[in-house]
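Chain by chain, the residues run as shown.
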Amino acid sequence: MTTDPAQAPTRARSQHQRRKRIVQAAAALASRGGVEAMQMRTVAERAGVALGTLYRYFPSKMDLVVAVVSEEMDLLEGSMERRPPGSSTPASRAVELLMRATRGLMREPELADALIRSLLLSDVKTNFGSRMTGMLLRVASEGEATDGQRTLVGALNSVWVMEMIEILRGHATPEETHERLDVAAQRLLADF
């Protein structure tokens, strides 16, 4: 059986759209009930795909959670490209980006909780940390970053993740987080 090469772009587009529907269905379920609500059968039904198709795209629930996280990162990167942080110092631009990410995640606290918790507990490899660090480096550094700068920005990213956990646990407000991130960024990025 030979396939028509002209159909390849159509098939790829169809697969991309199917994958996108699955991720959107999973995100919608997680935003209403956390990771527990992201039952694979329910995601498949909501996305309008067979359960086997879902497992072909995402072999485990954690793979699906990672895809939802990646989609959220894409949205943040798109937002940053359209409207880059406009603050005057590297530290304040980094904080502006982190607070934009915080506000975006907190619009859907159940989803944010599901994403953060799953990333902390998952064995599935994800590039979340390196993507956030990369975005922070783009807004903070004015040239090629040194290894030391990468380390410092990675530390700021780790502070932000812990602050997100504190917000989600109800132990911090976004305002308190903003203050702490500002102090951490001023100190960590002082030599940028």
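Calculation rules
- Residues numbered from 1 in each chain as written.
- Predicted model: local features only at pLDDT ≥ 70, side-chain atom pairs only at ≥ 80, totals over all residues.
- Heavy atoms only, no water.
- UniProt positions renumbered as here; feature names shortened; annotations may be inferred.
- Helix = DSSP H or I, 4+ residues; strand = E, 2+ residues; numbered from the N terminus.
- Buried < 20%, exposed > 50% of the residue type's maximum accessible area, 1.4 Å probe, protein only.
- Contact = heavy atoms within 4.5 Å.
- Core = buried A, V, L, I, M, F, W, Y, C linked by side-chain atoms within 4.5 Å.
- Axes fitted to C-alpha atoms, helices over the stretch in contact; angles between N-to-C directions.
- Left-handed = near helix turned anticlockwise from the far one by under 90°.
- Nonpolar A, V, L, I, M, F, W, Y, C, P; charged D, E, K, R; others polar.
- Expected span 1.5 Å × (residues − 1).
- Phe/Tyr/Trp six-rings, centres within 6.5 Å; stacked < 30°, edge-to-face > 60°.
- Patch = residues over 30% accessible without salt bridge, like charges linked within 9 Å, V, L, I, M, F, W, Y side chains within 5 Å.
- Areas by Shrake-Rupley, 256 points an atom, 1.4 Å probe, with all protein chains shown as cover.
- Salt bridge = Lys/Arg side-chain N within 4 Å of Asp/Glu carboxyl O.
- Lys, Arg positive; Asp, Glu negative; His and termini not counted.
- Charge placed at Lys NZ, Arg CZ, Asp CG, Glu CD.

*Asks:* Any chance you could explain the UniProt feature "DNA-binding region" (unreviewed entry) in the protein chain here in plain terms?
*Replies:* In the numbering used here, UniProt assigns the feature "DNA-binding region" (unreviewed entry) to residues 39–58. Across residues 39–58 one finds 75% helix and 0% strand; the C-alpha atoms that close the span lie 12 Å apart.

*Asks:* Would you explain the side chain of Thr133 in this entry?
*Replies:* Considering the arrangement of structural elements, one finds Thr133 in helix H7 (residues 128–140). For Thr133, a relative accessible area of 13% translates into the label buried. The contacts of Thr133, once residues within four sequence positions are left out, are Arg150, Val153, Gly154 and Asn157.

*Asks:* Before we go on, may I ask you to explain the nonpolar core in this structure?
*Replies:* Looking at soluble globular proteins, one finds that nonpolar side chains tend to be buried together. Core analysis: the biggest nonpolar cluster contains 55 residues, and Ile22, Val43, Leu54, Leu64, Met132, Leu156 and Trp160 have the highest contact counts within it. Mapped onto this core, the elements with two or more residues apiece are helix H1 (8–33), helix H2 (40–47), helix H4 (61–82), helix H5 (90–106), helix H6 (109–121), H7, helix H8 (147–168) and helix H9 (174–188).

*Asks:* Is there a simple way to explain the packing of H7 against H8 in this structure?
*Replies:* Between two packed helices, the angle of one axis relative to the other and the distance separating the axes together describe the packing. Put simply, H7 and H8 touch, their axes get as near as 9 Å, and they point 115° apart. In this structure, the crossing between H7 and H8 has a hand that is right-handed. Between H7 and H8, the residues in contact are Phe128, Gly129, Met132, Thr133, Leu136 and Leu137 and Gln149, Arg150, Val153, Gly154, Asn157, Trp160 and Val161, respectively. Grouping the amino acids of the contact of H7 with H8 by side-chain chemistry returns seven nonpolar, five polar and one charged.

*Asks:* Please clarify how the UniProt feature "domain: HTH tetR-type" (unreviewed entry) in the protein chain should be interpreted in this entry.
*Replies:* As recorded in UniProt, the feature "domain: HTH tetR-type" (unreviewed entry) lies at residues 16–76. Across residues 16–76, helical content stands at 80% and strand content at 0%; the span's end C-alpha atoms are separated by 20 Å.

*Asks:* Help me understand H8 in this model?
*Replies:* Each α-helix turn comprises 3.6 residues. Residues three or four places apart therefore point the same way. With 22 residues, H8 extends 32 Å from end C-alpha to end C-alpha; this agrees with the ideal 32 Å at 1.5 Å per step. With its phi angle positive at about 85°, Gly170 sits one or two positions after the end of H8.

*Asks:* Would you explain the packing of aromatic side chains in this entry?
*Replies:* Each pair of aromatic rings is reported with the distance of its centres and the angle of its planes. The tally for this structure, following the rule as stated, stands at two aromatic pairs. A ring pair is formed by Tyr57 and Phe58, whose centres lie 6.5 Å apart and whose planes are at 35°; its orientation type is tilted. Judged by its relative accessible area of 22%, Tyr57 falls in the partly exposed class.

*Asks:* Teacher, can you tell me more about H7 here?
*Replies:* For H7, built from 13 residues, the straight-helix expectation of 18 Å at 1.5 Å per residue is met to within 8% by its first-to-last C-alpha distance of 18 Å. Residues of H7 that are buried include every one of Phe128, Arg131, Met132, Thr133, Met135, Leu136, Leu137, Val139 and Ala140, and no others.

*Asks:* Even after reading the chapter, I still don't get a positive patch on the surface, so can you show me in this structure?
*Replies:* Together, Arg82, Arg83, Arg103 and Arg107 give the surface a local cluster of positive charge. In this fold, Arg103 is placed in helix H5.

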